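Commentary on secondary and tertiary structure
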Amino acid sequence: MKFITTNFVKCAVKTCSSSDKAFPLKYEECQVVLDEQQEFNPEFIVHMLDKLNWDALVKVARDLGKTDLPTQKPEGLDPIMEDDAAVLRDLHSLLIQSNIVEGKMVCENCEHIYFIKNSIPNFLLPPHLC
Amino acid sequence: MLPTPILKDLDYDNVYEPSEDSFLLLDCFEDENTFLSQKFGIGSPIITEIGTGSGIVTSFLMKNILPNGFYVATDVNPHACVSSINTIRLNNPDSAKIDVCQMSLTTAILPHTIDILIFNPPYVPAEEVPEIPQQYRDSRWLDLALLGGSDGMEVTWQLLDSLDSIISETGLAYILFCARNKPDLVKLEMEKRMWVVDKIIERKAGWEVLSVLRFMKRKN
């Protein structure tokens, strides 16, 4: 599961949908592997940055031990500018290349635990929670 | 004609083997290529295929139609999750901007996130929608890809009823139907609910007539 996906997934339990604690999930005991084969596409990162919830991103990064992200979302990055390109490359490494291979995702509202195994997150609920 | 994705070593005892319905979706997106490129080509849309199965449809879109999107595919079947990710990596080795998540429909995806939703649902009319097996080794995983309960529409209605909160403001959904699902009535009902519904493609496949409808939010 790529880091970027943590910005799009929440707890699947229906009664958590109205809670602001069901997103982002809390990431625990995660094993992260860098997939360097994934090519760098600066425009893609610029477009995705627009969509991302930066606070959630910073929180999940902290769960995974990365604490050096700025508190404000970088805005107006231009891939042609050298400094901006470096920021975009770092974001590419975090968002697309960082892959959570194994780990747990915990809802901070209902405390349900979801597992990531072989890079695939499992959001299926047991019958009593459906 | 755009190339069909390569499929290799898939476990068709447990994963739906691409059939006429899958190929109809590929042709649908070939027809929609210009429309989608104009609407989303400059940006990076979020694309979700529900029940991605072998991964053939998502691979096709990623390779041929919207290479700059980010894809979050879902399937309840764990075997399908593995198969689809293998197919996608095989066809897009260095730009697999995708995750495959095991989930029912889009239940764990944040509301109003998905720009393009694709669903080839379990559309075969049956007494009931099968329960999700609790074990990895179970012969019934494949049934989930096929059996859709009353009119073959139970799972599809579950999705359509919450479509408004699933897709983004400018989002679209492409859903496949067979004639026994009564797609003309579905279209009328959804138009009553203020959706713009267009039939993109229709084809006779054996004794079935399959079609794909596109759903868009009506602009006020």
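This is a predicted model, so every value here is computed, not measured. (Residues numbered from 1 in each chain as written. Chains lettered and ligands numbered in written order. Predicted model: local features only at pLDDT ≥ 70, side-chain atom pairs only at ≥ 80, totals over all residues.)

Let us now look at the overall build of chain B. Helix and strand content of chain B: six helices and seven strands. Starting at the N terminus, the α and β elements of chain B follow one another as α-β-α-β-α-β-β-α-α-β-α-β-β. Its C-alpha atoms give chain B principal-axis dimensions of about 50 × 45 × 35 Å. Split into buried and exposed, the 220 residues of chain B put 49% on the buried side. (Helix = DSSP H or I, 4+ residues; strand = E, 2+ residues; numbered from the N terminus. Buried ≥ 20, exposed ≤ 12 C-beta atoms within 10 Å, placed from the backbone.)

Turning to the interface of chain B and chain A, a few remarks are in order. Many authors give the size of an interface as the accessible area that is lost as the parts come together. Taken together, the 25 residues of chain B in the interface contact 21 residues of chain A. Broken down by secondary-structure element, the contributors of at least two residues to the side of chain B that touches chain A are strand S2 (70–75) and strand S3 (98–102) of chain B. The greatest single-element share of the side of chain B that touches chain A, amounting to four residues, is contributed by S3 of chain B. For the side of chain B that touches chain A, the class distribution of residues is 14 nonpolar, eight polar and three charged. (Contact = placed C-beta atoms within 7 Å. Nonpolar A, V, L, I, M, F, W, Y, C, P; charged D, E, K, R; others polar.)

With that settled, the discussion passes to the UniProt feature "domain: Methyltransferase small" (unreviewed entry) in chain B. Following the UniProt record, one finds the feature "domain: Methyltransferase small" (unreviewed entry) at residues 47–126 of chain B. The span residues 47–126 of chain B carries 30% helix and 26% strand; its end-to-end C-alpha distance comes to 29 Å. (UniProt positions renumbered as here; feature names shortened; annotations may be inferred.)

Membership of the largest hydrophobic core comes to 91 residues, with the highest contact counts inside it found for Leu95 of chain A together with Leu25, Leu61, Leu117, Ala173 and Ile175 of chain B. Tallying contributions element by element places strand S5 (residues 167–178) of chain B first for this core, with eight residues. Setting aside its immediate chain neighbours within four residues, Leu95 of chain A contacts Lys2, Phe3, Ile4, Ile45 and Met48 of chain A. (Core = buried A, V, L, I, M, F, W, Y, C linked by C-beta atoms within 7 Å.)

Residue and element names in this part refer to chain A. Contact geometry for helix H1 (residues 42–51) and helix H3 (residues 82–97): axes closest at 9 Å, N-to-C directions at 75 degrees. The angle between the axes of H1 and H3 places the two elements in the roughly perpendicular class. Across the interface between the two elements, Pro42, Ile45, Val46 and Met48 of H1 pack against Ala85, Leu88, Leu91, His92 and Leu95 of H3. Partitioned by chemical class, the residues of the contact of H1 with H3 number eight nonpolar, one polar and no charged. (Axes fitted to C-alpha atoms, helices over the stretch in contact; angles between N-to-C directions. Parallel < 35°, antiparallel > 145°, perpendicular 65-115°, else oblique.)

The next thing to look at is the confidence of the model for chain B. Reading predicted coordinates in detail is not appropriate for stretches of low pLDDT. On average, residues of chain B score 95 in pLDDT, and 100% of them reach the 70 mark or higher. Model confidence for the complex: the whole-complex pTM is 0.96, and ipTM, which rates the interface, is 0.96. (pLDDT = per-residue confidence, 0-100.)

The next thing to look at is the environment of Gln31 of chain A. Residue and element names in this part refer to chain A. Secondary-structure assignment places Gln31 in strand S1 (residues 26–34). Given 12 C-beta atoms within 10 Å, Gln31 falls into the exposed group. Separated by 88 residues in sequence, Gln31 and Ser119 place their C-alpha atoms 9.6 Å apart. Residues within four places of Gln31 in sequence aside, it is in contact with Val101, Glu102 and Gly103.

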